[in-house]
Amino acid sequence: MSIQSFWRRTPFRWKLLGTFLLVIMVGFASIYFVSARTVIDQYSKLTSERFSRDADRIAPLFVGYYEQANTWEGLNRALNVQAGGGPDRRNPVLAQIYFLIAREDLIIVDVNGQVVFDVDRQLLGQTLPPPVLDQGVSLESNGEKIGTMLSGVAFERFTPLARQFFNSLNRSMLLVVVIVIAGSFLLITLLVRQLARPLNELTQASEKISEGHLEQNVEVNTQDEIGELAQAFNTMSSKLKGSEDLRRQMTADIAHELRTPMSVIQGDLEAVIDGVYPANQETFQSLLDETHRVSRLIDDLRELSLLEAGELPLERENTDIKAIVQQIVQAYQIKAESNGIRLEFNNTDVVSEIEADADRIAQVLRNLISNAIRYTPSGGTVFINLHRENGELNCTVTDTGPGMSEEEATRVFERFWRADQSRTRHSGGSGLGLSISKRLVEAHGGKMWVQTALNQGSTFGFSLPVH
């Protein structure tokens, strides 16, 4: 199995946990080694500085030994540091040198670069290169160079006490790193569990939704991004359930709306065949009227579908809304008067020219005005008003009818819904007019609303952007 395939199949919680742990371990390992290196470098720097300060006091002692012995040979044996026996106490020069090297890691090199004295005997007899010798202090006798004195720090070699300090410090740092990594592992495990659990719930709920079980909600326990995701999922699930219920209701409504005229057509045709109805022009005209109603319903459904899909073309042009309102009011004047209703248009001097599809806006106005006339009792008034506000052109149609309850007002723009359920297609339309009108206004970048109360009439309005 390839690494890519393994990574794809690994559960998200293990990916997240492994990534966090790897980052923490690499981070603390880097801190550990950098800190250890820094401590050694700083200690070496301090030791080098101390060696430089003490060189003027230490160098003369080795020079004195060389002048007494006239050679470096035997220096390491004479001091006998490693043997533990100590130098010859009767020789004052060796005694002083012994006292100093008890706390200094010193190396003496002759003029040929060969190590003649080394406390640890590690470099004894080796020849050191010039770059290393340049780090030491030159030893001279009577103006002649006799050798070089170096500190073991130049080779990152430290005294036993210094090594003990470094080991103790490393153990303490390592213990702190282990404790921090263990604590981080515990906290990361809890965090990953907190992240993975809601994701698993979301996955399971999504699978159930894909199987058709739309009533799915996940528990929201936090207010962070995961909580917002869960809340968004619950909102989506609720909207999907509402959309599915609406789809089913719409299917039932369409079937009902089509069944009624089809039943009428079927019944009338059967009556003609059975001789109950005469096969004359009046009967066929009635059948033709029913087919026209079915055709209008189908056209309304198609138009609404195109609007909801955003695919209905709009022929935008410079349109005077006031002129359209005046034409429609004039067209409905006779119908309103025959029902004892007065149409009143507040014909102000408002500038009402906007970029819009004149036919579609006229369709919206005809629907609102015809509805207002339909629901206004005899002796009532329908008011139409135009005004501009906040860069928008507002149009309202107010009737003095029975009004609607708050619940009815929230459903008034739904498909096939009628405030008066006793009305049929013959008296109250298909129930799609307001839905189509609202979508047409929204397609123009506007909005539609209703203000109503029982026994106080209703006001339907829409606003369109001027620019």
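An account of the accompanying structure is given in this report. (Residues numbered from 1 in each chain as written. Predicted model: local features only at pLDDT ≥ 70, side-chain atom pairs only at ≥ 80, totals over all residues. Heavy atoms only, no water.)

## Thoughts on the sheet that holds strand E4 (residues 144–151)
Where we set the bar: We call two strands paired when DSSP finds no fewer than two bridges between them. Under the scheme used here, helices are H or I runs from DSSP no shorter than 4 residues and strands are E runs no shorter than 2 residues, and both carry numbers assigned from the N terminus. Throughout, an axis means a line fitted to C-alpha atoms (over the contacting stretch in the case of helices), and angles, computed between N-to-C directions, take values from 0 to 180 degrees.
Strands sit in the order E2-E1-E4-E3 across an open sheet of four strands; the sheet is antiparallel. The sheet is open, and its two borders are formed by strand E2 (115–118) and strand E3 (137–141), each paired with just one other strand. Going from strand to strand, the sheet's axes swing by 25 degrees on average, the running direction of each strand aside. Pairing of E3 with E4, which is carried by five bridges, proceeds in the antiparallel orientation. Its bridge partner lying in E4, Val-137 is registered against Met-149.

## Notes on the pairing of strand E11 (residues 458–465)
Note the cut-off: Between buried and exposed lies partly exposed: a residue is buried under 20% and exposed over 50% of the maximum accessible area for its type, with that area taken using a 1.4 Å probe on protein chains only.
Burial runs high along E11: seven of the eight residues are buried. Sheet topology note: the strand E10 (residues 447–452)/E11 ladder contains six bridges and is antiparallel. Directly across from Gln-451, in E11, lies its bridge partner Thr-459. Hairpin connection, E10 to E11: the antiparallel pair is bridged by five residues, and Asn-455 has positive phi, about 65 degrees.

## Quick look at the environment of Leu-124
Selection rule: For this analysis, residues touch if any pair of their heavy atoms sits within 4.5 Å.
Residue placement: Leu-124 occurs in the loop between E2 and helix H5 (130–133). Residues in contact with Leu-124, not counting those within four places in the same chain, are Asn-76, Val-115, Val-116, Phe-117 and Asp-118.

## With respect to the packing of aromatic side chains
Stated formally: In summary, the pairing rule links any two rings of Phe, Tyr or Trp, Trp by its six-membered ring, whose centres are within 6.5 Å, and it sorts them by plane angle into stacked for under 30 degrees, edge-to-face for over 60 and tilted for everything else.
Tallied over the entire structure, the rule returns five aromatic pairs. Between Phe-165 and Phe-166 the ring centres are 5.7 Å apart and the planes differ by 55 degrees, which places this aromatic pair in the tilted class. With a centroid separation of 6.2 Å and an interplanar angle of 85 degrees, the aromatic rings of Phe-413 and Phe-460 are classed as edge-to-face. Note that Phe-413 is positioned in the loop between helix H11 (406–411) and helix H12 (425–428) and Phe-460 in strand E11, a separation of 47 residues in sequence. Look at Phe-460 and you get buried, because its relative accessible area is 12%.

## So, helix H8 (residues 281–309)
We apply this condition: Helix span is expected to be 1.5 Å times the residue number reduced by one.
End to end, H8 covers 42 Å across 29 residues, agreeing with the expected 42 Å (1.5 Å per residue, within 8%). Those residues of H8 not exposed but buried are Thr-283, Leu-287, Glu-290, Val-294, Leu-297, Leu-301, Glu-303, Leu-304, Leu-306 and Leu-307. Directly after H8, the chain includes Gly-310, whose backbone phi takes a positive value near 70 degrees.

Geometric descriptors of this kind do not, in isolation, establish any biological role.
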